[in-house]
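Coordinate analysis (summary)
Each chain is listed here by its residues.
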Amino acid sequence: MSKIIFITGGSGYIGSVIIELAIAQGYIVNALSRSESSDTKLSSLGASPVRGDMKSLDVLTRESSKADIVINMADAIAGNYSISQDERWAINFAANDALAEGLKGTSKPFLITSGALTAQPHPDDEETDESSPGWPEGHIYARGFESNRKNYLNQGVHVCYVRLAPYVYGRAGSGVRLFMDMWGPRGAGAFVKPGTALTTSVHVEDTARLYLLIGEKGRAGESYNATSETDVPQKSICEAICKTLGIPCKEFELDDAKAKLGDFLAVFLTAKCRASNKKAREELGWSLQAEKGILEEITNGSYAALGKELGKDSS
């Protein structure tokens, strides 16, 4: 009998790839949907749309209780980077609690999407792992999804956390696409000085395969880094995006970047992150299958084709 997955954020960039792979592997997928357009997309992927949003707490509990695996991809900040951190986390925590409510006392996996940026960078710029210390209270990355770990485990919820790389790339989407859409119409992009911070990336298809592996094999209470390259300078990514768009790449001081991009994106462009994937590879048997790294994908892959399309649209 096929297992049922309930997923939030399934019409999004990573969620849609998870659904695609899950359907191919024989899962039945029910997916939260906020609109008719999302219904259409989810249905085209083979999922059954369930109308609701992150504030539809009764819907979240009902659907999670019917599923064998629950995956939460949604975040209130998606598409709304001006939202206050207090509002963001109030919505996110309430949604996770509602999903957990339907899973109490079961062994059914509950996968919560977190981020590799929740770990502080190593003081000597070496790689970090899932046991590395987090940020002190007050830092923009301190208040993360994983703070309810003990509470969920005490309630008998088989919770696992997927720590996404700062840059999930491929299929012409995610953060790279965000910056292309922002910078292309402006005729210039930028990096935040000095731009030397090393960051981490992972291909979206490798990421989706890891979610399904964690749903089958992940240990309760554990976090897993969904990461690949760990040595790409932030400046190099920005310059590659600008090269692909055929626009100059300016340099900003942090305060100027905050004024133009907002605190969240400005800090993101200065963040150090070198998060190892050793645990996921050794414990779950995850392997990386991406043919291109992020810089090659931007300059000679799916984003290169996107850059040509954006150039046509602006001409």
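In what follows, the accompanying structure is described. (Residues numbered from 1 in each chain as written. Predicted model: local features only at pLDDT ≥ 70, side-chain atom pairs only at ≥ 80, totals over all residues. Heavy atoms only, no water.)

**Comments concerning the sheet that holds strand 11 (residues 223-226)**
- Ordered by their spatial adjacency, seven strands build an open sheet running 3-2-1-4-5-6-11, and the pairing between neighbours is parallel. Edge positions in the open sheet fall to strand 3 (48-51) and strand 11, since each of these has one partner strand only. Taken pair by pair, the neighbouring strands of this sheet meet at an average axis angle of 25°, ignoring direction.
- Taken together, the four bridges between strand 6 (residues 158-164) and strand 11 define a ladder with parallel strand orientation. Looking at strand 11, one finds that arginine 163 is bridged to asparagine 225. (Pairing = 2+ DSSP bridges. Helix = DSSP H or I, 4+ residues; strand = E, 2+ residues; numbered from the N terminus. Axes fitted to C-alpha atoms, helices over the stretch in contact; angles between N-to-C directions.)

**Things to note about the pattern of salt bridges**
- Taken as a whole and judged by the stated rule, the model has 19 salt bridges.
- Arginine 171 is paired through a salt bridge with glutamate 20; the nearest N and O atoms lie 2.9 Å apart. One end of the pair, arginine 171, is in the loop between strand 7 (167-169) and helix 6 (174-186); the other, glutamate 20, is in helix 1 (residues 13-24), and 151 residues separate them in sequence.
- Residue class for arginine 171 comes out partly exposed when judged on its relative accessible area of 36%.
- Accessibility expressed as a relative area gives 34% for glutamate 20, which makes it partly exposed. (Salt bridge = Lys/Arg side-chain N within 4 Å of Asp/Glu carboxyl O. Buried < 20%, exposed > 50% of the residue type's maximum accessible area, 1.4 Å probe, protein only.)

**Comments concerning the nonpolar core**
- The biggest cluster of nonpolar side chains holds 66 residues, and the ones touching the most others in it are Phe110, Phe179, Trp183 and Ile241.
- No other element matches the seven residues that helix 4 (residues 85-101) contributes to this core.
- In contact with phenylalanine 110, not counting residues within four places along its chain, are Val70, Asn72, Asn96, Leu99, Ala100, Leu103, Tyr152, Val157, His158, Val159 and Cys160.
- Core analysis: the next-biggest nonpolar cluster, separate from the first, contains 33 residues, Ile5, Val168, Val204 and Tyr211 among them. (Core = buried A, V, L, I, M, F, W, Y, C linked by side-chain atoms within 4.5 Å. Contact = heavy atoms within 4.5 Å.)

**Regarding the pairing of strand 3**
- Two elements, strand 2 (residues 28-33) and strand 3, share four bridges in a ladder whose sense is parallel. Each bridged residue has a counterpart across the sheet, and for alanine 31 the counterpart in strand 3 is proline 49.
- A crossover links strand 2 with its parallel partner strand 3, the connecting element being helix 2 (residues 36-45), and its sense is right-handed. (Right-handed = clockwise from strand over helix to strand, strands pointing away.)

**As for the side chain of serine 38**
- By the secondary structure assignment, serine 38 is in helix 2.
- Ignoring anything within four residues of it in the chain, the contact list for serine 38 reads Ser11 and Ser33.

**Some thoughts on unusual backbone geometry**
- Along the chain, lysine 193 connects to proline 194 via a cis peptide bond; the corresponding omega equals 0°.
- Phi is positive for arginine 171, which is not a glycine, with a value near 55°.
- Backbone geometry places alanine 172, a non-glycine residue, at a positive phi of 60°.

**Focus: the packing of helix 1 against helix 7 (residues 204-217)**
- Their axes nearest at 9 Å, the elements helix 1 and helix 7 cross at an angle of 60°. By the angle class used here, helix 1 and helix 7 are oblique. Both helix 1 and helix 7 take part in a crossing whose hand is right-handed. Only Val204, Glu205, Thr207, Ala208, Arg209, Tyr211 and Leu212 of helix 7 make contact with helix 1, whose side of the interface consists of Tyr13, Ile14, Val17, Ile18, Leu21 and Ala22. (Parallel < 35°, antiparallel > 145°, perpendicular 65-115°, else oblique. Left-handed = near helix turned anticlockwise from the far one by under 90°.)

**A look at helix 8 (residues 234-245)**
- The end-to-end C-alpha distance of helix 8 is 17 Å, a good match for the 16 Å that twelve residues give at a rise of 1.5 Å each.
- If you check which residues of helix 8 are buried, you get Gln234, Ile237, Cys238, Ala240, Ile241, Cys242, Thr244 and Leu245.
- In the segment just after helix 8, glycine 246 is the residue with positive phi, at about 70°. (Expected span 1.5 Å × (residues − 1).)

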